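# Notes for the structure review
These are the residues of each chain, in order.
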Number of protein chains: 2
Amino acid sequence: MRLSTKGRYAVTAMMDLAIHDRKGPVTLADISNCQDISLSYLEQLFAKLRKNGLVKGVRGPGGGYRLAKPRSDISIAQIICAVDEKVDATMCSGEENCQKGERCLTHELWMGLSKRIYDFLDSISLEDFLSRPAIQEIIERQDGRRVPARSDGNTMAWADE
Amino acid sequence: MRLSTKGRYAVTAMMDLAIHDRKGPVTLADISNCQDISLSYLEQLFAKLRKNGLVKGVRGPGGGYRLAKPRSDISIAQIICAVDEKVDATMCSGEENCQKGERCLTHELWMGLSKRIYDFLDSISLEDFLSRPAIQEIIERQDGRRVPARSDGNTMAWADE
DNA sequence: CAGTAGCCGAGTAAATCAGTCAAGTATTAT
DNA sequence: ATAATACTTGACTGATTTACTCGGCTACTG
């Protein structure tokens, strides 16, 4: 399992989505604004998240993305694996011929290690993180930056151009 | 903290070093043979490991590398951080102005997450891994591939050229 | 049917990875 | 001392990944 900034972007976006999921679909444009992630990059990430059954796309006006499962059923590990697509940690891809036909030191070492990291990340759900008080504060502050309520009639999407 | 193949190479090499450290300095050429890692790449990794006080270089004939500390005092986390050099997980590098002067969601999220991963990896020492039975087997098998005992008088360094 | 918003693919600059090559310098055995 | 050993340093490279843009398409809603 690889742990890179790519995974962080995905987790952050999923957090944002989880926070606002109750009020209906969330647009990528909103997430892009709030979390400062490029819209097109988000599209790529969400394409993978969708293929892995973590989110559902809702098309048309008023559409956006929704979580495909309850917050508590989505772990950090699932998100990272979805965008990294290379779950495999060993270079011998599961076979044990990595070193001249035999199992290498790395095999035992990294298999065990990455399994434990995976288990750890898999034990943390979106729900777990959202319930932390420090997170709650940030959520409230960021809400100010969000596009005003949709039913308001004026989305102001064009306003700053 | 980043988790990539680079870190794995470093950990594997350190494992190999830890295994044979008792018999005196270990050459990078030996590690290169046993673990199938490019010699020049090992040189780069060990330069960083040395700067971070994890290994000591011993020059001259019969030289090589030694652990700078007891096996039990070297954690997986230390090794990975040494070669990745970017311990920092947030993009705002510890400052909290990542998002237009304020703290971003990522900040809380990833700081907590990467701290827990770090703590986890930091709780595993080289000693811990070496004591595992499955590892012991591999060590014994790999020893056959090693350059014959040094005091033998015939290093055969030129033999296969 | 017009507009919103997801969907898809090609393309790209920059960074990182994994490795090579070449020229050193320090140490030790003889 | 001198040669051999072995670490040290730096420049350089191809491949891959990251993060991102652009352009066009499709499905859906009001």
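Residues numbered from 1 in each chain as written. Chains lettered and ligands numbered in written order. Predicted model: local features only at pLDDT ≥ 70, side-chain atom pairs only at ≥ 80, totals over all residues. Heavy atoms only, no water.

### Details of the protein's contact with DNA strand D
- Every one of the 27 residues lining DNA strand D counts as a neighbour, but Thr5, Gln44 and Arg59 of chain A together with Gly64 and Tyr65 of chain B are closest to it.
- Within the side chain of Glu43 of chain B, one N or O atom sits 3.5 Å away from a base oxygen of DNA strand D.
- Contributing elements (two or more residues each) for the surface near DNA strand D: α1 (5-20) and α3 (39-51) of chain A together with α3 (39-51) and β2 (64-67) of chain B.
- In the surface near DNA strand D, the residues fall into eight nonpolar, eleven polar and eight charged. (Near = heavy atom within 4 Å. Polar contact = N/O pair within 3.5 Å; in protein donor to acceptor, adjacent residues only side chain to side chain. Helix = DSSP H or I, 4+ residues; strand = E, 2+ residues; numbered from the N terminus. Nonpolar A, V, L, I, M, F, W, Y, C, P; charged D, E, K, R; others polar.)

### Overview of the pattern of salt bridges
- The tally for this structure, following the rule as stated, stands at four salt bridges over all chains.
- Between Arg66 of chain A and Asp21 of chain A there is a salt bridge; the shortest N-O distance is 3.4 Å. Within this pair, whereas Arg66 of chain A is found in strand β2 (residues 64-67), its partner Asp21 of chain A is found in the loop between α1 and α2 (28-35), the two being separated by 45 residues in sequence.
- Accessibility expressed as a relative area gives 29% for Arg66 of chain A, which makes it partly exposed.
- Note that Asp119 of chain B is salt-bridged to Lys115 of chain B, the shortest N-O span being 2.8 Å. Of this pair, Asp119 of chain B and Lys115 of chain B are both found in helix α5 (residues 105-122), four residues apart, which corresponds to roughly one turn of the helix. (Salt bridge = Lys/Arg side-chain N within 4 Å of Asp/Glu carboxyl O. Buried < 20%, exposed > 50% of the residue type's maximum accessible area, 1.4 Å probe, protein only.)

### Regarding the environment of Ser4 of chain A
- Structurally, Ser4 of chain A is set in the segment before α1.
- It is 8.9 Å that separates the C-alpha atoms of Ser4 of chain A and Ile80 of chain A, two residues lying 76 residues apart in sequence.

### What to know about the packing of helix α1 (residues 5-20) of chain B against helix α2 (residues 28-35) of chain B
Residue and element names in this part refer to chain B.
- Following both chains from N to C, one finds α1 and α2 inclined at 115 degrees, their axes separated by 10 Å at the closest point. The angle between α1 and α2 places the two elements in the roughly perpendicular class. For the crossing formed where α1 meets α2, the hand is right-handed. Contact with α1, carried on its side by Thr12, Ala13, Asp16 and Leu17, involves Ile31, Cys34 and Gln35 of α2 and no other residues of that element.
- The residue makeup of the contact of α1 with α2, split by class, is four nonpolar, two polar and one charged. (Axes fitted to C-alpha atoms, helices over the stretch in contact; angles between N-to-C directions. Parallel < 35°, antiparallel > 145°, perpendicular 65-115°, else oblique. Left-handed = near helix turned anticlockwise from the far one by under 90°. Contact = heavy atoms within 4.5 Å.)

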